[in-house]
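Chain by chain, the residues run as shown.
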Amino acid sequence: MRFAVRLLALAAALCGLAAAPAPDPLAALADANGHPAALHLLATGTRVLEGRTVVTTLDQLGTRRLLRRCIAGVCGGTWFDGTTQFTFGLNEIALPEESDATVLTERTLAAIASYAFAEPAFRSSGGTVVAAGPGRWRVRAHDGIDLIAVVDPAAHALRRVETPEGRLVATYARETKAGGASFALDRNGPFEAGPLDAVAVSTDPLGPPAGPVPALAGDPAVPLDSEPVPIVPCGLGGHNLRCLLDTGATPSAITLSVAETLNLEPHGELEISGIGSFATGFVEAGPLQLGPARFASARFAVIPPSSAAPFDVVVGSDLLARMRLVLDHAHHVARILPSGGSAPADAVHLTFRAGSPIVQTMFGPQGARALLDTGDQAVLSFGYAAYREGPQWAIVGRGQALGVGGGADDAFTVEIPEVHVGPVTVGKTRATVRRTQSVAHVGVGLWDRFLVDLDEAAGRLTLTTR
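Note that the structure is a prediction, hence the values are computed from the model and not measured.

Caption draft 1: Representation of the sheet that holds strand S16 (residues 221-223). Overall, antiparallel pairing links the 6 strands, which are arranged S16-S27-S26-S37-S38-S28 in an open sheet. Only two strands of the sheet have a single neighbouring strand rather than two, namely S16 and strand S28 (348-349). One ladder, built from 3 bridges, connects S16 with strand S27 (residues 333-337); its direction is antiparallel. Within S27, the residue paired with Val222 across the bridge is Ala334.

Caption draft 2: Spatial organisation of empty space enclosed by the protein. Using the criterion set out here, one finds 2 cavities of 30 Å³ or more in the structure. Put simply, the largest cavity is a space of about 50 Å³. Around the largest cavity, the lining residues are Pro36, Gln60, Ala113, Ser114, Tyr115, Leu158, Tyr172, Glu175, Ser182, Phe183, Ala184 and Arg187. Among the elements of the structure, strand S11 (168-178) and strand S12 (181-188) are those that each provide at least two residues to the lining of the largest cavity. Residue contributions to the lining of the largest cavity peak at 4 residues, all from S12. When grouped by side-chain class, the residues that make up the lining of the largest cavity number 7 nonpolar, 3 polar and 2 charged. When its volume is computed, the second largest cavity comes out at roughly 40 Å³. In terms of lining residues, the second largest cavity is bounded by Leu372, Thr374, Gly443, Val444, Leu446, Val452, Leu461 and Leu463. For the lining of the second largest cavity, the class distribution of residues is 6 nonpolar, 2 polar and no charged.

Rules used throughout
Residues numbered from 1 in each chain as written. Predicted model: local features only at pLDDT ≥ 70, side-chain atom pairs only at ≥ 80, totals over all residues. Heavy atoms only, no water. Pairing = 2+ DSSP bridges. Helix = DSSP H or I, 4+ residues; strand = E, 2+ residues; numbered from the N terminus. 1 Å grid on protein atoms, 1.4 Å probe; cavity = no way out; pocket = protein on both sides within 12 Å on 5 of 7 lines; lining within 4 Å. Points joined across faces, edges and corners; volume = space filled by probe spheres on them. Nonpolar A, V, L, I, M, F, W, Y, C, P; charged D, E, K, R; others polar.

So, in structure tokens, the structure goes:
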């Protein structure tokens, strides 16, 4: 009887051993690397490219990452919040990029690069991870795409990322330790920083770049002058000036004569492109008073005085993203309001490309993702290459288009029988065709037919028939 009891106890123990769960290889991977997804990585790198020193900084916490590159004090970069990528430039105001296949890739790639895919939270939030062979994991972030993470089985370190078809997406090498975790310092791929020199762990929270934020107080109405583009009185550094409200410009700018008046010496390196292009520097100045909006300080590119329109300051898309702008051309007034409020059903959806607002347009049989450009006096403009593709509407006028910095471009006017901006029917429209323009523009000429209500932060343009 005692022998039988002992046999039963042994059998129970063996059953218990057989039922023990197998080790989780993902948990082992996260543990071997010190759970880097839980740490705020701060990495830096310095390289000399074409004789210019480029300083790169990478902040990463899980799938969120802030990548900044600076040349001679001019910085720009991207912020990724785990779902959406944002671009920022001179004033470090982050604007969301258009969502496309690259964003789907980045959602999964960010989870792999940070080892977040090996943590239970990744799977509990809708991500999937499936073994795809020795040292290979098929990873898909929530609302992302499938990618293959290739891990060195001996070193437990990420080495590269591929598509399921075998196309290389990114490579990782030269691991280093910080805060008890391992991070790859050589990062090469479409969203990666490239080689980095040093890494540390920060206790600071990680968020997007702040950029200047205005205080809004007082009467929102600002008088528009008689120019064919929105120019309003403003103040900068205590001087009374004229500001062009130009969504097609990034960054904001001041003329060289204003910089001299303010005793500011341009520094840094910038290239301004439009009709013609030129190299310039930037200054930091303030306060900027624009109707009820007051920016304590902002950065401005320095440009030559314009022969196209008499202005001193260009308030570009970066600063306009901090407010709601209503252009009431019929009453010669602009209103500057806080962002927000309810949107009508027929509001035009805005997206952004490299910090510039984009709207969907239709003219003729084709459509275009057009730059919303309040510095362009036309209702619609596009390039000669697009005109040649057809239809080639009859030419009704010829002339020249002038740009910031003194550039000029041969232009002609055509009449298009039907134009749409988002869901809004504009109808028969005279459009400007410029020889060297590369993308279509929707311009401020709309204000002759509509009350124009632009809220970049809310991602919408409202056109109300007058």
